[in-house]
Amino acid sequence: MNPTDTPPPQPPETCPVLGSPLAITDYEKAAALAVAWAGARDGAHAIAAANTHVVTLARHDGTFKEALGQFDLLLPDGMPLVWCMNRFSGAGMKDRVYGPTFMLRVLEASEAKFSHFLLGGSEELLEALQKTLSEKFPVIRVSGAYSPPFGQWPADEDDRIIARIAESGAEFVWVGLGCPKQELWIARNKSKLPPGVYSAVGAAFAFHAGRVSQAPKWVQDRGLEWLYRLLAEPRRLWKRYLVYNSLFVFYLVKDFLGKSKV
């Protein structure tokens, strides 16, 4: 390495919450690491924005936990996770690393250097998203976008998507298929994916395209975004938030009591 070159940033330390190793990091450091991985082109790097639903599902479902183990970076996407990390491990974090905001930070840091591929959502949503992103980041390069079929995919769909990504030459692939489908897809195909950074960002596409409203900042800071979204989309999200939030508290108390007996 040239002596004047800046060494690549190292992956951050982690703190386990319900067994998932969450990164002790912030937006700046996480975005810098993602950009470094994109520039290195040394393989497929997987990033997940892990909220309470993600870590609870990983604790509850062994198959999903195994999939999450394929990821190189798990971002603490919810304030309750940050509170747990600070309380039980002294992480000293001041804010979460929210998936939609992380996406914008990476786009800002890489818009003139790298190209991006958008995977997920309807064709209409992807068109609206690209329009919004091009207005916000005038020199952004979106080299590909694909709306996969809804429901059960054909047997060759994974190979078709991978071929599209390879043809695009994108260094960043943003995957908005929803949890757990997006994490399972990345994990299942990681060994076959072209070099680049693959980020599972959930509802970020709908937020940035203006199709779904985000909770106000004060609501997010108090860890109540789940309630805001539940009230906005009760039929779609009731199970995720009511069932998995309850399981999150149950597992958290169980782990705390287990430690207190040691």
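Residues numbered from 1 in each chain as written. Predicted model: local features only at pLDDT ≥ 70, side-chain atom pairs only at ≥ 80, totals over all residues. Heavy atoms only, no water.

*Asks:* Residues and numbers for the side chain of Arg96, please.
*Replies:* The residue Arg96 is located in the loop between helix H4 (79-89) and helix H5 (99-110) in this model. Residue classification places Arg96 among the buried positions, given a relative accessible area of 6%. Side-chain polar atoms of Arg96 contact the backbone oxygen of Asp77, separated by 2.8 Å. Once you skip the residues sitting within four places of it in the chain, Arg96 turns out to touch Tyr27, Pro76, Asp77, Gly78, Met79, Val82, Gln220 and Glu225. (Helix = DSSP H or I, 4+ residues; strand = E, 2+ residues; numbered from the N terminus. Buried < 20%, exposed > 50% of the residue type's maximum accessible area, 1.4 Å probe, protein only. Polar contact = N/O pair within 3.5 Å; in protein donor to acceptor, adjacent residues only side chain to side chain. Contact = heavy atoms within 4.5 Å.)

*Asks:* Outline the nonpolar core, listing residues and values.
*Replies:* The biggest cluster of nonpolar side chains holds 46 residues, and the ones touching the most others in it are Val17, Leu22, Leu68, Phe71, Trp185 and Ile186. Apart from residues no more than four positions distant in its own chain, Ile186 is found in contact with Ala46, Phe71, Val175, Leu193, Tyr198, Ser199 and Ala200. Counting residues in hydrophobic clusters, the runner-up holds 35 residues, among them Tyr27, Ala30, Leu118 and Leu125. (Core = buried A, V, L, I, M, F, W, Y, C linked by side-chain atoms within 4.5 Å.)

*Asks:* Provide a residue-level description of the pairing of strand E3 (residues 44-50), including the pertinent values.
*Replies:* Burial within E3 is extensive, with seven of its seven residues counted as buried. Across the two faces of E3 the burial is the same, with Ala44, Ala46, Ala48 and Ala50 and His45, Ile47 and Ala49 all buried. Two elements, E3 and strand E8 (residues 196-200), share five bridges in a ladder whose sense is parallel. Directly across from Ala44, in E8, lies its bridge partner Gly196. Relative to strand E4 (residues 73-76), E3 runs parallel, the two being bridged by four bridges. Its bridge partner being in E4, Ile47 is matched across the sheet by Leu73. (Pairing = 2+ DSSP bridges.)

*Asks:* Give a detailed account of the pattern of salt bridges, specifying residues and quantitative values.
*Replies:* For the structure shown, the criterion picks out eight salt bridges. Among the salt bridges present, the one from Lys190 reaches Asp72, with a minimum N-O distance of 3.0 Å. In this pair, Lys190 is assigned in the loop between helix H8 (181-189) and E8 and Asp72 in the loop between helix H3 (62-68) and E4, connecting sequence segments 118 residues apart. Salt-bridge contacts for Arg188 lead to Asp158; the nearest nitrogen and oxygen are separated by 3.0 Å. Highlighted residues: Arg188 in helix H8 and Asp158 in helix H7 (residues 157-168), separated in sequence by 30 residues. Taken together, the salt bridges that share partners define one network made up of Asp156, Glu157 and Arg160. (Salt bridge = Lys/Arg side-chain N within 4 Å of Asp/Glu carboxyl O.)

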